[in-house]
Amino acid sequence: MTTTDLAAGQGVAPRTLPKAGAALDRWRVPLTIAVLAVLPFVLPSQALAVNVLIYGLFTVGFNLLFGYTGLLSFGHAAFFGTGAYLTGMAIALLGFGWFPAMLTGIVGASLLSVVIGALSIRTRGIYFCMVTLALAQLVYYVALQASGWTGGENGLRGFTVAKADLIGGFSVNLLNPLAKYYFIMFFAALALWFVSRVLNSPFGAAIEAVRENETRARACGFDVEHTKLLSFVLSGALCGLAGTLSALHLSIVPLDALGVHTSSIVVMMTMLGGAGSFFGPFVGALVFLLIEDVASLWTTHWQLIVGIVFILFVLFLPKGIWGSLIQIVRRRRAS
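J.: Now, about helix H3 (residues 28–42): what can you tell me, with residues and values included?
T.: Taking 1.5 Å as the rise per residue, H3 with 15 residues should run 21 Å; its terminal C-alpha atoms sit 21 Å apart, in good agreement. Within the sequence span of H3, burial applies to Arg28, Val29, Thr32, Leu36, Leu39 and Pro40. One face of H3 carries all of its buried residues, which in axial projection span an arc of 110°. Opposite the buried face of H3, by more than 90 degrees, sit the exposed residues Phe41 and Val42.

Shown next as structure tokens:
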């Protein structure tokens, strides 16, 4: 089984490409960052651009598990919400600075993903989906009952980070939308670089092998269970990072950050953009949030419009927008 075979499917770029494709694959991180850098100037509002960045990063984390490893989770809101809650509590209740609070959120989400992942990977298929959903709902109800810490139904409030002090005496004014955007984009860029390194490593080939054929991967000597668990933990850590940035952005953490709705949103964004594609998560986040933004101006039942669009994409563009575009380009080059 070659790495090209392992990468074929769900829009994943093969490791053996034509010269132009290889160059695009090699420069995918700087090209993605370049596109994100101009986003605040082309979207209707800078607030929308920040949301695309945060939810795009959330989708990147989920895509590592679903798109590249082939494991569909219905409970990734647990990691997003845990990262957000722990960051907010570290600032509001413990008096932490922004960076230690972010580390607290990321570490907490990572530890939670170890627990949920260790329990979930024992199952397969729909059972895996249901176990992740059930465990995420357990986290949701813990947050609901621990109202003294989390604020219960009202969510966590009472913390605001007006500026982020950096090394060398520099600081970023987080009350300035554009400065906040590029502050968040810095962490998104680091996450993209990290994901690219993972995908280009032997571990990246291993998770793609598990996705394509778990039985054959085990026969080839891969430790399938450990591979899936590590992918789950890395995915949870990236989603936790997105949650910490969401807390810093909003200065509140709603209880819905842990809810089923948030878990379903990230699935839809991944499918809209293209599961298993590097830039697809940001395309999916952008399309979903734009539809929500526009449809909510027309009707209070905007979820119905989003649902119809999602069904159409699943039926006619199963690889998503970016994944389908990549497939078309490859077919033209091959012909």
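This is not the end of the story, as more comes after the structure.
J.: Describe the packing of H3 against helix H9 (residues 177–200), listing the residues and the values that go with them.
T.: At their nearest, the axes of H3 and H9 sit 10 Å apart, and the two run at 160° to each other. Relative to H9, the element H3 is oriented roughly antiparallel. Helix-helix and strand crossings are classified by hand; for H3 and H9 the assignment is right-handed. Across the interface between the two elements, Arg28, Val29, Thr32, Ile33, Leu36, Ala37, Leu39, Pro40 and Phe41 of H3 pack against Leu178, Tyr181, Tyr182, Met185, Ala189, Leu192, Trp193, Ser196, Leu199 and Asn200 of H9. Residue composition of the contact of H3 with H9, by class: 15 nonpolar, three polar and one charged.

J.: Could you give an account of the packing of H9 against helix H10 (residues 202–212), with specific residues and numbers?
T.: Where H9 contacts H10, the two axes come as close as 4 Å, and the packing angle between them is 75°. One way to sum up the angle between H9 and H10 is to call them roughly perpendicular. Contacts between H9 and H10 pair Val198, Leu199 and Asn200 from the former with Pro202, Phe203, Gly204, Ala205 and Ile207 from the latter. The residue inventory of the contact of H9 with H10, partitioned by class, reads six nonpolar, two polar and no charged.

J.: For the packing of aromatic side chains, give the residues involved together with the corresponding values.
T.: If you walk through the whole model with that rule in mind, you get 15 aromatic pairs. Taken together, a centroid distance of 5.7 Å and an interplanar angle of 35° make the contact between Phe62 and Phe66 tilted. Here Phe66 and Phe62 lie together in helix H4 (residues 46–66), a separation of four residues that amounts to about one turn. The burial state of Phe62 is the same as that of Phe66; both residues are buried.

Cut-offs used in this document
- Residues numbered from 1 in each chain as written.
- Predicted model: local features only at pLDDT ≥ 70, side-chain atom pairs only at ≥ 80, totals over all residues.
- Heavy atoms only, no water.
- Helix = DSSP H or I, 4+ residues; strand = E, 2+ residues; numbered from the N terminus.
- Expected span 1.5 Å × (residues − 1).
- Buried < 20%, exposed > 50% of the residue type's maximum accessible area, 1.4 Å probe, protein only.
- Arc of directions from axis to C-beta.
- Axes fitted to C-alpha atoms, helices over the stretch in contact; angles between N-to-C directions.
- Parallel < 35°, antiparallel > 145°, perpendicular 65-115°, else oblique.
- Left-handed = near helix turned anticlockwise from the far one by under 90°.
- Contact = heavy atoms within 4.5 Å.
- Nonpolar A, V, L, I, M, F, W, Y, C, P; charged D, E, K, R; others polar.
- Phe/Tyr/Trp six-rings, centres within 6.5 Å; stacked < 30°, edge-to-face > 60°.

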